[in-house]
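# Tertiary structure, described
Chain by chain, the residues:
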Amino acid sequence: MGRHDVAVPVVAGLIGWEDVRMRELGELIDVAEPAWPVLQEEFARTSVPLEVLPGDPGQGRACLLQLQVGAGSALGAMALHCGGLVLDGGWLRVFGGTTAGALPGLARVNGFPEAFDPAWRPPDGLVVAHDVLGGVFVLNGPDPAAAGRPGVPGQMLYFAPDSLEWEAMEMGYGTWLTWLLSGRLDLFYDGLRWPGWRDEVSALAHDQGVAFYPFLWSEEAMADLGGATRSPVPMRELLGLNASFRDRSGLPGPGFLGDV
């Protein structure tokens, strides 16, 4: 897999979780340089097949308030304005602040409290995207080591379904979004895309993934990915399978992978 390609300088900044001062919604929204117009320009320029799902103002504001991150950040802009991103025909789903059809929002995926709770934090880090293989992108929380994960606070991680391991991506959320739109996904998923994958993936709902037999992490599957049996399954089931495979191998559980 071409994941060696992702190393870039870390963009500093945990998303406000280390800041004990609770900020009001107006302070989070009224920023000098909002990030949403910049993201919209990146969306318009990308050559990657991209669907930008509309956000709901009420859900977006509630998500932003719970995250305690300003709209001047890429994460804050996604939470406030967007229902999520669907890349490469549904191969990758990036969660926004709004539940949009079959694509859940950050609040649902991460189990936000129903009413704003200033003391609440994501248990192991913030789940920000899933791919159709059951891969999970997470923004590290304030103590990755305690969660059994690599990297530093505020750094992106990837739970790789072909190795069942967490991998530090050495970039922050905003840089990660730019990287997704740069056209490097083919290299990142090198060896994990089979002939005809676009047609199969585009037929899935945004809460479904692809299960393989032999299992994706096996030598048999890697030797002939196109010849493996593939079935559409609910993403929740696929995430559970990947977690159980890790348990059976004697490794510590992967932690929270998102609720969809």
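Before going into details, it helps to say that this report is about the structure given with it.

About the criteria used
- Each chain has its residues counted from 1, following the order in which its sequence is written.
- Totals for whole chains, interfaces and linings use all residues, but because this is a predicted model, local features are given only for residues with pLDDT of at least 70 and pairs of side-chain atoms are given and counted only at 80 or more.
- Excluded from the side-chain calculation are hydrogens and water; included are all heavy atoms of the structure.
- Elements are defined by DSSP. Helices are runs of H or I of four residues or more, strands are runs of E of two residues or more, and each kind is numbered from the N terminus.
- Accessible area is worked out with a 1.4 Å probe on protein chains only. A residue is then buried under 20% of its type maximum, exposed over 50%, and partly exposed in between.
- What the arc measures is the spread of directions leading from the helix axis to the C-beta atoms.
- What counts as a salt bridge is simple: a side-chain nitrogen of Lys or Arg found within 4 Å of a carboxyl oxygen of Asp or Glu.

## Here we look at unusual backbone geometry
- For the bond running from Y213 to P214, omega is 0 degrees, close enough to zero to count as cis.
- Notably, D88 is not glycine yet its phi reads approximately 50 degrees, a positive angle.
- Among the secondary structure elements, D88 is positioned in the loop between β2 (82-87) and β3 (92-95).
- Given the relative accessible area of 7%, D88 is considered buried.
- The phi torsion at L164 lies on the positive side, around 60 degrees, for a residue other than glycine.
- By the element assignment, L164 lies in the loop between β6 (156-160) and β7 (165-168).

## So, helix α6 (residues 173-180)
- Of all the residues in α6, the buried ones are Y173, W176, L177, W179 and L180. With its buried residues spanning 160 degrees around the axis, α6 presents them on a single face.

## Brief notes about the environment of G172
- Its place among the elements puts G172 in the loop between β7 and α6.
- Along the backbone, G172 and A74 are 98 residues apart, and their C-alpha atoms lie at a distance of 9.9 Å.

## As for the pattern of salt bridges
- This structure, assessed with the given rule, holds seven salt bridges.
- Close ionic contact of R230 with E200 constitutes a salt bridge, the shortest N to O distance being 2.8 Å. With R230 in strand β9 (residues 229-234) and E200 in helix α8 (residues 197-202), this residue pair connects regions lying 30 residues apart in the sequence.
- By relative accessible area, R230 is classed as partly exposed at 22%.
- Under the relative-accessibility criterion, E200 is labelled partly exposed at 29%.
- As a salt-bridge pair, D259 and R236 come within 2.6 Å of each other at their nearest N and O atoms. Of this pair, D259 sits in the segment after α10 (235-248) while R236 sits in helix α10, and the two are 23 residues apart along the sequence.
- Taking the relative accessible area as the measure of exposure, D259 reaches 34% and is therefore partly exposed.

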